[in-house]
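# Coordinate analysis (summary)
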Amino acid sequence: MPIRSNHEPTSSEITPETLYVDRRTFLAAAGAIGAGAVAALGGMPSLVAAQQPQEPQAVGKPYGLQPDDKPTPWEDVTTYNNFYEFGTDKGDPSQNAKNFKTRPWTVRVDGLVNKPADYQLEDFLKPSVVEDRIYRHRCVEAWSMVIPWRGIPLADMIRRAEPNSKAKFVEFTTLMDPKQMPGERSGVLPWPYTEGLRLDEAQNPLALLAVGVYGRVLPNQNGAPLRLVLPWKYGFKSIKSIVRIRLTDAMPKTAWNQAAANEYGFYSNVNPTVDHPRWSQATERRIGEFFKRKTLMFNGYAEQVASMYTGMDLRKNF
Ligand SMILES: Nc1nc2c(c(=O)[nH]1)N[C@H]1C(S)=C(S)[C@@H](COP(=O)(O)O)O[C@H]1N2
Ligand SMILES: [Mo]
């Protein structure tokens, strides 16, 4: 498995050969079946699955990686997960989400927009729009990873919906399906899982709607078929298995904030100087490593995001 190193990429590295070939075969497959048939059959994702590389590939443009960052192994990325709909232990989601049905899948984009719409997953999988990006990933529980995602910028999605002048926030909702998601039959969180962003945060170029990881279709335990990725925030903001994206004028309620408001705020920006009430956030354990690392302000993405929070008291707005 080619694990990429951390130096700034050359242009040939940004679009590695494997990915390029992948996109060409994808295009050929899409052309053969035709757009109408794809919509009716929901056939595109299975074609993607059939065309995807057998071996996970750590492809993508590195964003905000530090010199000693390298992609966390596929095995860890896909078996050490938080996805409470499928259980609260890190190993539960990979075990319990095996039969989770992610096709067909509709995402409703509505609220304070001029163009509300229902999108099919296929709309997010067009090879002309997906990008591969390697991001740092920091969980509020003080562990971290480096993950090669595949997705589309959230800003593109929002632009398509045309937010009106009243829109100030974006609310995200996970599928509610207690039959398939055993966790939703428990009281561990208020269901369905919800999250929220200020509109400008949602429009930040780093915010990604992910459909894949390691060059492959997103495994169920990682939030298939579509999840958010916000590398400057604690992982719980990166909501999985999204069915609705709603533009609002009021700050959305979020699952973890409702569960424990003193521990989980709306912003959840990675901040080594503001501790969780029950543990320090100054250091973290990189999965697969023994020694702890120092946590970086905004998880190393200050240059790209700090200006959104100028003048705010980050102790109050945690
Ligand atoms: N719907 C939903 N989304 C969720 C969660 C969850 O329990 N349910 N857990 C969050 C947390 S705490 C983290 S750290 C990340 C983990 O993503 P990963 O398993 O792909 O690393 O997903 C986030 N998104
Ligand atoms: Mo997390």
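Now for a look at the structure at hand. (Residues numbered from 1 in each chain as written. Chains lettered and ligands numbered in written order. Predicted model: local features only at pLDDT ≥ 70, side-chain atom pairs only at ≥ 80, totals over all residues. Heavy atoms only, no water.)

## Notes on the layout of surface pockets
With a probe scaled to a water molecule rolled over the atoms, the places where space remains empty come into view. Which entries qualify depends on this criterion: With a 1 Å grid spanning the protein atoms alone, the term cavity applies to any set of points in which a 1.4 Å probe fits but cannot get out, the term pocket to an open set with protein on both sides within 12 Å along at least five of seven lines, and the term lining residue to any residue with an atom within 4 Å of a point. Grid points are joined across faces, edges and corners, and a volume is the space filled by probe spheres set on the points. The way it works is that DSSP assigns letters per residue, a run of H or I at least four long becomes a helix, a run of E at least two long becomes a strand, and they are numbered from the N terminus.
As a volume, the largest pocket reaches approximately 470 Å³. Forming the boundary of the largest pocket are 28 residues, of which Asn82, Phe83, Cys139, Glu141 and Phe236 lie nearest the centre. Sort the elements by how many residues they give to the lining of the largest pocket and strand β5 (residues 143-153) lands first, with four residues.

## Some points on the pattern of salt bridges
Here is the rule we go by: The term salt bridge refers to a side-chain nitrogen of Lys or Arg lying within 4 Å of a carboxyl oxygen of Asp or Glu. Exposure classes here rest on a 1.4 Å probe applied to the protein chains alone. A residue is buried below 20% of its type maximum, exposed above 50%, and partly exposed in between.
In the structure shown here, the tally under the stated rule is 20 salt bridges. For Asp118, the salt bridge identified is with Arg108, shortest N-O distance 2.9 Å. Placement of the pair is Asp118 in strand β3 (residues 117-120) and Arg108 in strand β2 (residues 106-111), with a sequence separation of 10 residues. With relative accessibility at 42%, the residue Asp118 sits in the partly exposed group. Two residues, Glu289 and Arg293, come together in a salt bridge whose shortest N-O distance is 2.8 Å. Here the salt bridges do not stand alone but share partners, grouping Asp68, Asp69, Arg136, Arg138, Glu284, Arg286, Glu289 and Arg293 into one network.

## Some details on empty space enclosed by the protein
Put simply, the test is: As a working rule, the residues Ala, Val, Leu, Ile, Met, Phe, Trp, Tyr, Cys and Pro are called nonpolar, Asp, Glu, Lys and Arg charged, and the rest polar, with Gly in that last group.
Evaluated as defined, the whole model comprises three cavities of 30 Å³ or more. Here the second largest cavity defines a volume of roughly 60 Å³. If you trace the second largest cavity, you find it lined by Arg136, His137, Arg138, Trp149, Val229, Leu230, Pro231, Lys233, Tyr234, Gly235 and Ser238. Ranked by the residues each element gives to the lining of the second largest cavity, the list is headed by strand β4 (residues 131-138), at three residues. For the lining of the second largest cavity, the residue count by class is five nonpolar, three polar and three charged.

## Concerning the site of ligand 1
We count it as follows: What makes a residue near a molecule or strand is one non-hydrogen atom of that residue sitting within 4 Å of it. Definition of a polar contact: a pair of N or O atoms within 3.5 Å, with one able to donate and the other able to accept a hydrogen when the atoms are protein atoms, and with sequence-neighbouring residues admitted only if both atoms are side-chain atoms. With residues, only the protein chains shown are counted as cover, and all accessible areas are computed by Shrake-Rupley using a 1.4 Å probe. In this scheme, a molecule is assigned to a cavity or pocket if more than half of its atoms are within 2 Å of the grid points.
Around ligand 1 sit 17 residues in total, of which Asn81, Tyr84, Glu85, Ser238 and Lys240 are the nearest. Residue Tyr84 places a main-chain N or O atom 2.7 Å away from an oxygen atom belonging to ligand 1. Glu85 places a polar side-chain atom, nitrogen or oxygen, 2.8 Å from a nitrogen atom of ligand 1. Burial of ligand 1 by the surrounding chains reaches 98%, relative to a free accessible area of 530 Å². At a threshold of 2 Å from the grid points, most atoms of ligand 1 map onto the largest pocket.

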